Amino acid sequence: MIWQALSDLWSGFHVAVQPANLFWSFFGVLIGNLIGVLPGMGALSAISMLLPLTYTLHPIPAILMLAGIFYGSQYGGAIGAILLNLPCHPPHAVTCLDGYPMTLQGRAGAALGITMMSSFFAASVGIIVMIFASPLLVAVAFRFGPPELFSIMLLGLLAGATMSRGSPLKGVAMTLIGMLIGVAGTDAINGTQRFTLGITNLDDGVELVALALGMFGVAEFLRNVNRIEAVTVPIKMRLRDMRPSRAEMRQAFLPMLRGTAVGTLFGAMPGTGPTITTFIAYALERRLAKHPERFGHGAIEGVAAPEAASHSKTQVDFIPTMSLGIPGDPVMALILGALLIQNIQPGPQLITEHADLFWSLVASFWIGNVLLILLNVPLIGIWVKLLAVPYRLLFPSALFFIAIGVFCTKNDLFVVWEVLVFGIVGAILVALDFPIAPILLGFVLGPMVEDNFRRALLLSRGDLAVFVQHPISAGFIAASTLLIGARIYLSLRGAGQRLVRPPP
Amino acid sequence: MRSVELKDLLGGLLMLVLGIGMATQASHYEIGSLRRMGPGFFPLALGVILAGTGGLILLSAFRAPLAAARAQFRPEWRGWICILVGLAAFALLGRHAGLLPATFATVFIAALGDRQNSILVASITAAAMTLICLIVFWWQLKVPLPLLPWSEG
């Protein structure tokens, strides 16, 4: 099995280095990196804006490009956090805590250097896990029927709802809202128009890209307009500064390993967001440190661990998405949506039916990560200058990209109105302290949950016990119950908040 | 003395109303039975759970710890209106006038939402984006929208 995986990987490399594929991978990484650096823009907006571009591409370059945007934007996000204390990318917010003090002490180069090393190391571990775990998971997943699929999606949704930041109740509410939005359109089984408000444009349901761009693009602009201060960049970066000293390397080595482990673990669990992962990696380091008071004042461990966690999670996240068809977080939900648009159904059969796609994606991860290191080192000066692009010019231009991008999804101006509505809804929900990431997860998983729920009960003649009679399904149900129980216990003790809240 | 968390109060109420509304709408579709579910079953169940969750959020609003730091809510009408009108302008002008006017209007109106942008800055940004739009989206990607009011769609 291992040899099989390695030889598949080898042929994957062959596909990934074909000029067209290599070009789109590079393009994705570059654009992702660029957008990730820009304040107020994250992986989600970058992927949704460029999603329409993939409609004209073949599936392989399309997916390589989108994946490249994803991890490219993560490299970019860390730069703003370290140099300017800009927590605009939630997963990197925790990097600000020690990264920015390091900048103030004149150790910005070392912080960036260690970030890149941790990222590359963690991504490589994540890729290796993906190579060996995916075929194993697929072997199990082939035995999944509707009850198992329903139960594992339930677990994923619950984890996504309760493990995001803030109140778990609000997370659950948002997941439900997402699922209800997913219901809109023509019912797949008997063709009833549901929640279409009599608008024929909604017969095919709500457009995924419109939802994502409204909630994560327009709503962000509405929240930030006239509130983001212009930043000045005082730092000059040189290549020479980017090499951390030997003492710093030694200090960061174990935290890097532990961060990678945390990220791998959380990546494998469906539903856990990237932000919570980095916060836990940081909290763990502080707990283990001999001198926890150093944290917050430029401890290099506080940079290495969360960045490693974020990158290993990114790679491991692809495992459930590609092999089960169950996305672990909103970005994965978008990538899943992109696969569906290309008429590729993610799931256990993906690795066998589209082996070239799967293995070239894995291969491109490595190529992309090498490209990112090569890009980031010489281009760091340009990225630093980009950070100074004022938000007041950025958001009107981005608004245009959103409008034209979403138009291209269906060549229909109606979806622009959808973006407008979701932008307002998203802004209201954020103002009321609701986490909006679970909405996207609920939206993508909702129809699959309904489908499998209906099928499972059709097969069992309406007997709900079917979900606990199948052993695998029973395991997922037990895990879900445990998750809810733990959350209730923690919130009664008041400790739940302390666990997920960023350390001061 | 307990304080009431206004955000949770409003949020819980909103979810309660939405849940009841969705459930009511779903109950107009065929519900069916567990053995053979109709199209209304699943949304009805989701709506009921949502209403329940909303109720719990509403209750938790009354148990908020005292003196929790609350962010001041400042309305930002100029920014909000300009962004939303800018987006709406794209949908309207895209249909009735063409791609270039739509692009210019969207960027121009949205840019005016920021207090530091002058009309000149907004015009320059909008013109630059219009140029990018012409090259990338019309010429390269061949977006199927008429370019100008008088050009054939």
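Small disclaimer: the values here were computed from a predicted structure and weren't measured.

Draft legend 1. Structural detail: helix α8 (residues 168-183) of chain A. For α8(A), spanning 16 residues, the distance from its first C-alpha to its last is 23 Å, which sits close to the expected 22 Å at 1.5 Å a residue. When you tally the buried positions in α8(A), you get 14 out of 16 residues, the bulk of the element.

Draft legend 2. Focus on the layout of surface pockets. Residue and element names in this part refer to chain A. As a volume, the second largest pocket reaches approximately 1,100 Å³. For the second largest pocket, the lining is made up of 40 residues, of which Leu340, Phe443, Val444, Pro447 and Met448 are closest to its centre. Going through the elements one at a time, α7 (146-162), α8, β1 (185-186), α13 (330-341), α14 (348-353), α16 (391-410) and α18 (437-459) are the ones with two or more residues in the lining of the second largest pocket. Here the residues of the lining of the second largest pocket are counted per class, giving 20 nonpolar, 11 polar and nine charged.

Draft legend 3. Expanded view of the packing of helix α6 (residues 108-141) of chain A against helix α15 (residues 355-386) of chain A. All names here are of chain A. Running from amino to carboxyl end, α6 crosses α15 at an angle of 175°, the nearest separation of the two axes being 10 Å. For the element pair α6 / α15, the angle class is roughly antiparallel. Each of Leu112, Met116, Phe120, Ala123, Ser124, Ile127, Ile128, Met130, Ile131, Ser134 and Pro135 in α6 lies in contact with α15, whose residues at this interface are Phe358, Trp359, Val362, Phe365, Trp366, Asn369, Val370, Ile373, Asn376, Val377 and Ile380. Tallied by class, residues from the contact of α6 with α15 come to 18 nonpolar, four polar and no charged.

Draft legend 4. Region of interest: the packing of aromatic side chains. Residues and elements named next belong to chain A. With the rule as written, the count across this model stands at 18 aromatic pairs over all chains. Where phenylalanine 453 meets phenylalanine 467, the ring centres are 5.8 Å apart and the plane angle is 10°; that geometry is what we call stacked. Residue phenylalanine 453 is located in helix α18, and its partner phenylalanine 467 is located in helix α19 (residues 466-469); the two are separated by 14 residues in the primary sequence. Relative accessible area serves as the criterion here: at 13%, phenylalanine 453 is assigned to the buried category. Residue class for phenylalanine 467 comes out buried when judged on its relative accessible area of 6%.

What counts as what
- Residues numbered from 1 in each chain as written.
- Chains lettered and ligands numbered in written order.
- Predicted model: local features only at pLDDT ≥ 70, side-chain atom pairs only at ≥ 80, totals over all residues.
- Heavy atoms only, no water.
- Helix = DSSP H or I, 4+ residues; strand = E, 2+ residues; numbered from the N terminus.
- Expected span 1.5 Å × (residues − 1).
- Buried < 20%, exposed > 50% of the residue type's maximum accessible area, 1.4 Å probe, protein only.
- 1 Å grid on protein atoms, 1.4 Å probe; cavity = no way out; pocket = protein on both sides within 12 Å on 5 of 7 lines; lining within 4 Å.
- Points joined across faces, edges and corners; volume = space filled by probe spheres on them.
- Nonpolar A, V, L, I, M, F, W, Y, C, P; charged D, E, K, R; others polar.
- Axes fitted to C-alpha atoms, helices over the stretch in contact; angles between N-to-C directions.
- Parallel < 35°, antiparallel > 145°, perpendicular 65-115°, else oblique.
- Contact = heavy atoms within 4.5 Å.
- Phe/Tyr/Trp six-rings, centres within 6.5 Å; stacked < 30°, edge-to-face > 60°.

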